[in-house]
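Examination of the molecular architecture
Below, each chain spelled out in residue letters.
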Amino acid sequence: MKKEKKKILFVASEADPFIKTGGLADVAGSLPQALIEEGHDVRLVIPQYKQIPEKYQQRMESVCHFRTKLAWRDTYLGVNKLEEDGVTVYFIDNKHYFDRDSIYENEDKHEQFAFFSQAVLDMLPVIGFKPDVIHANDWQTGPLPLLFADRYRQQSYYQDIKTVFTIHNLRYQGQFAGHAAGDVLGVAPHHWESGNIRHNGLLNYMKSGIMYADHVTTVSESYANEIQTSYFGEGLDYALRLRADDLSGILNGISYEKFDPETNENLPVSFSKGEIDKKIANKVHIQQKLGLEVDADKPLIGFISRMVEQKGLDLVKAVFDDIMATGAQFLILGTGQREYEEFLKAKQHEYPDNLSVNIKYDAQLADQIYAGSDMFLMPSRFEPCGLSQLISFRYGTIPVVRETGGLNDTVVAYNEETGEGTGFSFSNYNAHDMLHTIERAVSFYYKKGIWNKIVNRVMNLDYSWHNSAKKYSELYHELTGSPEQKLLQQGDESEVQVKIYQPETKGETAATTDKININQASTSELSELPGIGNAYAERIIDYRDQNGDFTKKSDLTKVKGIGKKKYQKISKMLTL
Ligand code: ADP
């Protein structure tokens, strides 16, 4: 049966090729096309920063402009658009907010992105495109689901629209002084008082998105589970546990057109699957270009990354000389924290023939490193998805990774017994575990029969957007569904939208306490457990009142609305 075409508005603070500071731009710049290929009408909206290159600014045509109110402020709101790669892209124009020297580092960024989020909602009735789903991304668009719940959903034009919020990196949350909730967002006080938009006494844009979107996704299944724990939760794990029923992970893809070893013009020698000798020609080229000893037989490790703690640089630092002692060459590209940049630059002098440290952002050099390296190192402390390991696969470069987040979901550790695997990995965040894994990878590098098999295998993997777009498509269908499904969802919605919990520590306590006895628990005790909520707690207690004590836990499936899946989730926290 052919599925209905949905109208999707993808909302992001950056998108390739217009404006890019990180991975979000890659996603916003390529997922909409993949969703269009799935048959949907997908449009994108971003702020009209002055940094967007002139060639795009010139192609924009005006859609509309009017004045709107941001709390008490009367402000201009312009909407321009252009078409790029088959996607209609809207640009929110307001010189006061987006004609700045910096994209994100402005003192009033809370106001800039409150304006952006609200402008997206305000423009809808005027632009002639009414989405079935608004898909917001990261903290900059966190206010959108909140504003929607506060004062848009109540209007007939908006009432059928669903919101999805995707977390690309939970570490960056957008935290501001609390008065902005009223003064800038202009939302009713109960959102703050309930704790739904507050964390550690601050207004939290990320949390606003998490608490109010109809569905929350993040960019890998492992990260979706990890962020519900205190180690990875960046303080918001309790909020994510509260939304556990509406939280899922969908892996990012990469553009297989952009990262194509057969056509990428940045590569000195193009190559395709099976052409390992041509890959080696790229290695020799990069050795020459960066002044390393030219030796086609030496293992070459690539590392391209923002130089921040997340990426495992403290591990690299701790055993740096041991890594060099493996006899491999090490090629580093990135910018970031000074501490790491300085350390690596100093090391450069010690290993002139085998180490190349490049402190800059250089997309062309990055492509050449991906293509010329034998291995690619990613010892991340956490990694929501990670694109570099996927790009490495595309170029026949074998990832050496820590088993976390998206790395865990995409790299299969090489198994000597079965010969299976697509990379090398270690589990604990520990410098010596990383070192041993590098040593192991280097030892297999010299077993050419085995190594070349792995290289060929990873070049045959498919991490293009196709599979991920299918999953987003399913999600949009589930959310907007058939009329009967819609009724069912509305029945559940009270649980989602009006989920009010008081002190922030409460959720934390609930999730870490021992199992709760279903025959003794009160409604409020049950309702605090992640995945239960008020509505289900009441149904459980009603069932108990009518049928007497539960004699076996599986009788929970007789409670209205508790299916097999829900039962599996909640039964772990309950006892008789
Ligand atoms: P994150 O989004 O956390 O930075 P990802 O692995 O998801 O990490 O994406 C990083 C992307 O940025 C990759 O495509 C990587 O090649 C690229 N990149 C990072 N640093 C540089 C750099 N200095 N020069 C060129 N590309 C870079």
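Here, every reference points to the structure presented above.
Owing to the predicted nature of the structure, the values given are computational and were not obtained by experimental measurement. (Residues numbered from 1 in each chain as written. Predicted model: local features only at pLDDT ≥ 70, side-chain atom pairs only at ≥ 80, totals over all residues. Heavy atoms only, no water.)

Things to note about the packing of helix α18 (residues 431-445) against helix α19 (residues 448-459)
This is how it is decided: Only the stretch in contact is used when fitting a helix axis, every axis being a line fitted to C-alpha atoms; angles between N-to-C directions are given from 0 to 180 degrees. Secondary structure elements are defined from DSSP: runs of H or I of at least 4 residues count as helices, runs of E of at least 2 residues count as strands, and each element is numbered from the N terminus. Each angle receives one of four descriptions, namely roughly parallel if under 35 degrees, roughly antiparallel if over 145, roughly perpendicular if within 65 to 115, and oblique otherwise. Contacts were defined at the residue level, with two residues in contact if any of their heavy atoms lie within 4.5 Å. Here the nonpolar group is Ala, Val, Leu, Ile, Met, Phe, Trp, Tyr, Cys and Pro; Asp, Glu, Lys and Arg are the charged ones; every other residue, Gly included, is treated as polar.
Where α18 contacts α19, the two axes come as close as 7 Å, and the packing angle between them is 105 degrees. Considered as vectors, α18 and α19 are oriented roughly perpendicular to each other. On the side of α18, the interface is formed by Ala441, Phe444 and Tyr445, while α19 contributes Lys448, Ile450 and Trp451. Per-class residue counts for the contact of α18 with α19 are five nonpolar, no polar and one charged.

Quick look at the sheet that holds strand β2 (residues 41-47)
Quick reminder of the rule: Two strands qualify as a pair provided DSSP detects at least 2 bridges between them.
Within the open sheet, the nine strands sit side by side as β3-β4-β5-β2-β1-β6-β7-β11-β12. Their pairing is mixed. Both edges of this open sheet fall to β3 (61-70) and β12 (247-249), since each of them pairs with a single strand only. Neighbour-to-neighbour, the strand axes of this sheet turn through a mean angle of 25 degrees, independent of strand direction. Strand direction decides the pairing type here: strand β1 (residues 7-11) and strand β6 (residues 133-137), joined by four bridges, are parallel. Across the sheet, the residue bridging to Val11 is Ala136, located in β6. Against the sheet, helix α8 (residues 205-212) makes contact with β7 (162-167) and β11 (215-218), and its axis sits at roughly 135 degrees relative to β7, the strand it touches most.

Regarding the site of the ligand
Rules: A molecule or strand has a residue near it when one of that residue's heavy atoms lies within 4 Å. Residues adjacent in sequence count toward polar contacts only when both atoms are side-chain atoms; beyond that, a polar contact is any pair of N or O atoms within 3.5 Å, and within protein one must be able to donate a hydrogen and the other to accept it.
Around the ligand sit 17 residues, and of these Arg306, Lys311, Lys360, Tyr370 and Leu387 come closest. A distance of 2.6 Å separates an oxygen atom of the ligand from a polar atom in the side chain of Tyr370. A distance of 3.4 Å separates an oxygen atom of the ligand from a polar atom in the backbone of Ser388. Those elements giving two or more residues to the shell around the ligand turn out to be α15 (363-372) and α16 (388-394).

A few points about the pattern of salt bridges
Selection rule: Salt bridge criterion: a side-chain nitrogen from Lys or Arg within 4 Å of a carboxyl oxygen from Asp or Glu. A simple rule labels every residue: compare its accessible area, found with a 1.4 Å probe on the protein chains alone, to the largest value its type can have, and call it buried under 20%, exposed over 50%, or partly exposed in between.
Going through the model one piece at a time under the given rule, you end up with 34 salt bridges. When the shortest N-O distance is used, the salt bridge between Asp314 and Arg381 registers 3.7 Å. Pair noted here: Asp314 is in helix α12 (residues 313-318) and Arg381 is in the loop between β16 (375-378) and α16, with a separation of 67 residues, a long-range link. Of the residues examined, Asp314 reaches a relative accessible area of 27% and is grouped as partly exposed.

Some words on the sheet that holds strand β18 (residues 424-426)
Strands sit in the order β15-β14-β13-β16-β17-β18 across an open sheet of six strands; the sheet is parallel. With one partner strand each, in any of the chains shown, β15 (355-358) and β18 form the two edges of the open sheet. Ignoring strand direction, the axes of neighbouring strands in this sheet form an average angle of 15 degrees. Both β16 and strand β17 (residues 398-402) contribute to a ladder of four bridges, which runs parallel. Opposite Met378, over in β17, you have Val401 as the bridge partner. In the packing of helix α14 (residues 338-350) onto the sheet, contacts are made with β14 (329-333) and β15, and the angle to β15 comes to roughly 145 degrees. Packed on one face of the sheet, α19 meets β16, β17 and β18 and runs near 85 degrees to β17.

Comments concerning the nonpolar core
Basically, it comes down to this: We define the nonpolar core as a collection of buried residues of types Ala, Val, Leu, Ile, Met, Phe, Trp, Tyr and Cys that are connected through side-chain atoms lying within 4.5 Å of one another.
If you look at the biggest cluster of nonpolar residues, it comprises 95 residues, and the most contacted ones within it are Ile92 and Ile210. Top contributing element to this core by residue count: helix α4 (residues 109-127), with 10 residues. Not counting chain neighbours up to four residues away, the residues in contact with Ile210 comprise Phe165, Ile167, Leu170, Val216, Leu236, Ala239, Leu240 and Arg243. If you look at the next biggest cluster of nonpolar residues, it comprises 72 residues, including Leu290, Leu315, Leu333 and Ile438.

Here's the deal with the packing of aromatic side chains
Our working definition: Any Phe, Tyr or Trp ring, taking Trp's six-membered ring, that has another such ring centre within 6.5 Å forms a pair; planes under 30 degrees apart are called stacked, those over 60 apart edge-to-face, and the others tilted. The rule is short: NZ of Lys or CZ of Arg within 6 Å of the ring centre and within 35 degrees of the ring normal puts a charge over the ring.
Under the criterion given, the structure shown has 31 aromatic pairs. Plain terms: the ring middles of Tyr414 and Phe424 are 5.9 Å apart, the flat faces sit at 50 degrees to each other, and that makes the pair tilted. Here Phe424 lies in strand β18 and Tyr414 lies in the loop between α17 (405-410) and β18, a separation of 10 residues in the sequence. One aromatic cluster is present, built from ring pairs that chain together Tyr414, Phe424, Phe444, Tyr445, Tyr446 and Trp451. Between the NZ or CZ atom of Arg73 and the centre of the ring of Trp72, over which it lies, the distance is 4.1 Å. The ring of Phe444 is capped by Lys447, whose NZ or CZ atom sits 4.7 Å from the centre of that ring.

Some details on the packing of α4 against helix α5 (residues 143-152)
Let me state the cut-off plainly: For any pair of crossing helices, the crossing counts as left-handed if the nearer helix is rotated counterclockwise from the farther one by less than a right angle, and right-handed if it is rotated clockwise.
Direction vectors running N to C along α4 and α5 enclose 55 degrees, while the axes themselves pass 9 Å from each other. In terms of axis orientation, α4 runs oblique to α5. When you trace α4 past α5, the crossing you get is right-handed. In this structure, α4 uses Phe113, Ala114, Ser117, Gln118, Val120, Leu121 and Asp122 to contact α5, whose residues at the interface are Pro143, Leu144, Leu147, Phe148, Arg151 and Tyr152. In the contact of α4 with α5, the residues fall into nine nonpolar, two polar and two charged.

Remarks on helix α20 (residues 465-480)
Quick reminder of the rule: Multiplying 1.5 Å by the residue count of a helix minus one yields the expected span of that helix.
With 16 residues, α20 extends 22 Å from end C-alpha to end C-alpha; this agrees with the ideal 22 Å at 1.5 Å per step. Trp465, Ser468, Ala469, Tyr472, Ser473, Leu475, Tyr476, His477, Leu479 and Thr480 are the residues of α20 that are buried. After α20 finishes, the residue Gly481 shows a positive phi value of roughly 40 degrees.

Side note on the pairing of β6
Each regular strand carries side chains that alternate between the two faces of the sheet. Heads up, the rule is: A crossover counts as right-handed when, viewed with the strands pointing away from the observer, the path leading from the first strand over the helix to the second turns clockwise.
Of all five residues in β6, five are buried; the element is thus mostly enclosed. Along β6, one buried face is formed by Val133, His135 and Asn137 and the opposite face, lined by Ile134 and Ala136, is buried too. By the bridge criterion, five bridges tie β6 to β7 in an arrangement that is parallel. Bridge pairing in β7 places His135 opposite Val164. In this fold, the crossover linking β6 to β7 by way of α5 has right-handed handedness.

Remarks on the side chain of Gln310
Tracing the backbone through its elements, the reader meets Gln310 in the loop between β13 (300-304) and α12. Under the relative-accessibility criterion, Gln310 is labelled buried at 2%. When near neighbours in sequence (up to four residues on either side) are disregarded, Gln310 contacts Asn169, Ser380, Arg381, Phe382, Glu383 and Pro384.

Brief notes about the environment of Ser248
Tracing the backbone shows Ser248 in strand β12. Residue classification places Ser248 among the partly exposed positions, given a relative accessible area of 23%. For Ser248 and Phe98, which are 150 residues apart along the polypeptide, the C-alpha to C-alpha distance reads 32 Å. Excluding its chain neighbours within four sequence positions, the residues that come into contact with Ser248 are His215, Val216, Thr217, Thr218 and Ala224.

Things to note about unusual backbone geometry
Put simply, Asp16 and Pro17 share a cis peptide bond, and its omega is 5 degrees. With respect to the secondary-structure elements, Pro17 resides in the loop between β1 and α1 (23-37). Not every positive phi belongs to a glycine, and Asp85 is a case in point at roughly 50 degrees. The topology assignment puts Asp85 in the loop between β4 (73-84) and β5 (87-93). Overall, the relative accessible area of 60% leaves Asp85 in the exposed class.

Treat this as a map of the structure, not an account of what it does.
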